Structure formats: C-alpha cells, structure tokens
Amino acid sequence: MRHFARLAPARHRRLFHREPQAFTRDDEPEVLAVALGATLYAPATRPALAADISRSAGRGVTSMVICLEDAIPDDQVSAAEANLVGQLRAVHGGEGSRPLLFVRVRAPEQIPDLIARLGPAAEDVSGFVLPKFTGSSGAAFLDALAGTADATGLRLYGMPVIESPEAIYLESRAETLQDISLLLAKHRPRVLAVRLGATDLCSAYGLRRPRELTIYDIQPVAGLISDVVNILGRAGSGFVITGPVWEYFGGGRPARSQFFARNDRRRGLELDGLMREVHLDKANGLTGKTVIHPTHVAAVHALSVVTHEEYCDAADILASFSDAGAGGVLASRYSNKMNEAKPHRAWAERLQLRARVFGVAAEGITVADLLDAAATAA
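Residues numbered from 1 in each chain as written. Predicted model: local features only at pLDDT ≥ 70, side-chain atom pairs only at ≥ 80, totals over all residues. Heavy atoms only, no water.

Trainee: I'd like a description of the nonpolar core, backed by residues and values.
Mentor: L88, F128, I162, L184 and L232 are the most contacted members of the largest nonpolar core, which totals 60 residues. Broken down by element, this core gets its largest block of residues, seven residues, from helix α10 (residues 219-232). Dropping the residues within four chain positions of it, L88 is found in contact with I53, I66, L101, L118, A121 and V125. Ranked by size, the runner-up nonpolar core spans 50 residues in total, among them F23, V61, V300 and L303. (Core = buried A, V, L, I, M, F, W, Y, C linked by side-chain atoms within 4.5 Å. Buried < 20%, exposed > 50% of the residue type's maximum accessible area, 1.4 Å probe, protein only. Helix = DSSP H or I, 4+ residues; strand = E, 2+ residues; numbered from the N terminus. Contact = heavy atoms within 4.5 Å.)

Right under this line is the structure:
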C-alpha cells in the first residue's frame, strides 16, 4: 500500500518534494499506526461489504473497520457476524490491494470465534477495535487478542476506544486513564493505536456537536482529549492517538471556505468543518482520523502530508544533533520562526515518520493542490 499511489508519476513529482513510501501490513507497528490515515468505518451488515472493501483501495483508503458494535442493532448481531465472515471469505485471495482491515467487536469471545470462522481469510484481518475500553473491561479483550494471536500465529493488533462514561466524568477520569495506561503498557506490542469515541463521549452529556463546530469546541470532550494525550500520548513512551469521528457528509458548505478562495469550485469544499478539526487534531497531538464516508478520506490524507516548511524545520533540527555541542536556537530556512533544537526534537522525530508515510509537499504546493490530487485519484 502507498498513499497517493494512483497518481501519475509526473503528478507525483510535481506535488512532492519527497514521495510517500510504500508499506505493508507486516511493517513495524509505529509505521502502521501513522499509515492508518483516515480509517473508514462500515457496519458489518452491509450486503455489498466485499465490493466495498475491494473498491476502497482505489478510493485511497488504507485502513477500514467493520463494525459489529454500535453500528449494528442488538437483534442483528448474529446475522452481522455471518455476513462479515461470508464477505471476508469472498474477498480473500482476490486481485488488487486491500486496506488494513479491523473488526470492531462487542465482546472478547468474538475475537477467537470470528478468527476460527474466517479460516484462511483470517490472514486479511490486521486486528480488532476494542470498544468502551477501561482498565477493568479491557483486560479480557487484550487477553483474548493475545491468546488468539498465539494460537493461530497471526499478527493481530488491538485498537482500544476510549469512550466510556468513567473516562469522561471528572471524578473518575484520572483513575480510569491511569488504569488504562498500566494495562496497555503490559500489552504494548499488541496495541497499535488508541482511538477516541467522540459520539459516545458526547452522549454522556446529551450533546451532539453541530456541523459548524469542531470537537474542540465541545469543552467536556475537549478536556478528555487533552487528558488522554497527556497520559497516553507522551513523546517517547506514548501511543498514537487517533482523531475522533467526523459524522457529517454532503451539503452544508459554508459561504466562505477557510482553505480555498471564495470562487474556488474544487471538490471537497463542503468538508471545511472536517478540515478545521483535522488541523486541530494535529496541533493537539492526534494522528489520523475515524471517518464514516469515502469523501472524507481525501481531506484527511491531504492534510496529513508534511509541508515543505515543516520538513525543512524538522530536518534542520535533527541534523543539528549530529554536530558536537548540538542545541540552541536555529534560524528557520523560511526566515519566519525560531527552531529550538532540544525542545523541538520530539516534534521533528514524529514529523519525519509522518513524512515517510504521507510524503513531503513540494515547495509552493498547498492543501488545495493535495486535496485535488487525492480526490481525483479516488
């Protein structure tokens, strides 16, 4: 797999200073966690699920979650499981690349059961999304994941979702997040990324963010995001934390775009709210995003490309540590900021990993250019 893979070589060369590198599901987990990008959710009841999976790579999707939890009515779980198994068996062995596939389960026992029922098609599953994750509920999920991986020899990852009332309520938040941190540390090789369930978190207060606001305007949830990054996303010891779902699609385009000129008719203008939120995700230490519509993928991936200015700053910061007496303040090549080597080193290292997966934009290339390219390729 490779981000922006469907672009013609000449367009690649025009858009990128450094082109995105290919990756496989067998790459290092730190690479895969960043490469997830826009993770597309689909209910396991979809009758054309196999076709959706086969088409997804052509739309630029590199990770996909098939949901057996909240997206499924309680009385349809058995039918959804049967559909998931049949559809994944149908797509197994077919031609063309497929995204990293994950299954969102309801209960720990579904993990070994589904892997057994999938047979050879289980090798297409990269792992499981673990809902309503807490220090007490999460242990059974991770034990089931580890036991299934050991018994089958499959490389299976878990992605816990922080979305429970215990996590967002102030009186229990600190203890809940500390318990989660201790549990995940015990199972670190199995944990690919930590996800945030914004819809469930909002529901704890009877809230729903409107289209014109981002999740960072919803203060109870914004406070939890800050605490999750604080405890689980620390530089050097933390996990990749992915951005919460953007639940709007189609229509509702603002009168004026933050990212394009007023008279610009490029595709994707209706995604201004999503793009604002992705900017804030990145600024707050989150990587990638949960999405529920294929049109969201191009926007998330366009904003995941490292800008030429960012790359130059990061490269200069890291290069300074190869010299004796590294440190101090460096002048930015763009002559618009200071780059303080020691405090900015962790940022630069994280940015270099994103540059490997999503590439570095050529000088003068804008988000609009990249969004056009990503949307056209899809």
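Trainee: Lay out the sheet that holds strand β2 (residues 38-43) in plain terms, naming residues and giving numbers.
Mentor: Read across the sheet, eight strands follow the order β7-β6-β5-β4-β3-β2-β9-β8 without closing on themselves; strand pairing throughout is parallel. The open sheet is flanked by β7 (195-196) and β8 (243-246), the only strands paired with a single partner. Note: β2 against strand β3 (residues 63-67), five bridges, orientation parallel. The residue bridging T39 from the neighbouring strand is S63, located in β3. (Pairing = 2+ DSSP bridges.)

Trainee: Please give an account of the packing of helix α8 (residues 170-186) against α10 that cites residues and values.
Mentor: Two numbers describe how α8 lies on α10: the axes approach to 10 Å, and their chain directions differ by 35°. Here the hand of the crossing between α8 and α10 comes out right-handed. Two secondary-structure elements touch here, α8 through R173, L177, Q178, I180, S181 and L184 and α10 through P220, G223, L224, D227, V228, I231 and L232. Its residues assigned to classes, the contact of α8 with α10 comprises eight nonpolar, three polar and two charged. (Axes fitted to C-alpha atoms, helices over the stretch in contact; angles between N-to-C directions. Left-handed = near helix turned anticlockwise from the far one by under 90°. Nonpolar A, V, L, I, M, F, W, Y, C, P; charged D, E, K, R; others polar.)

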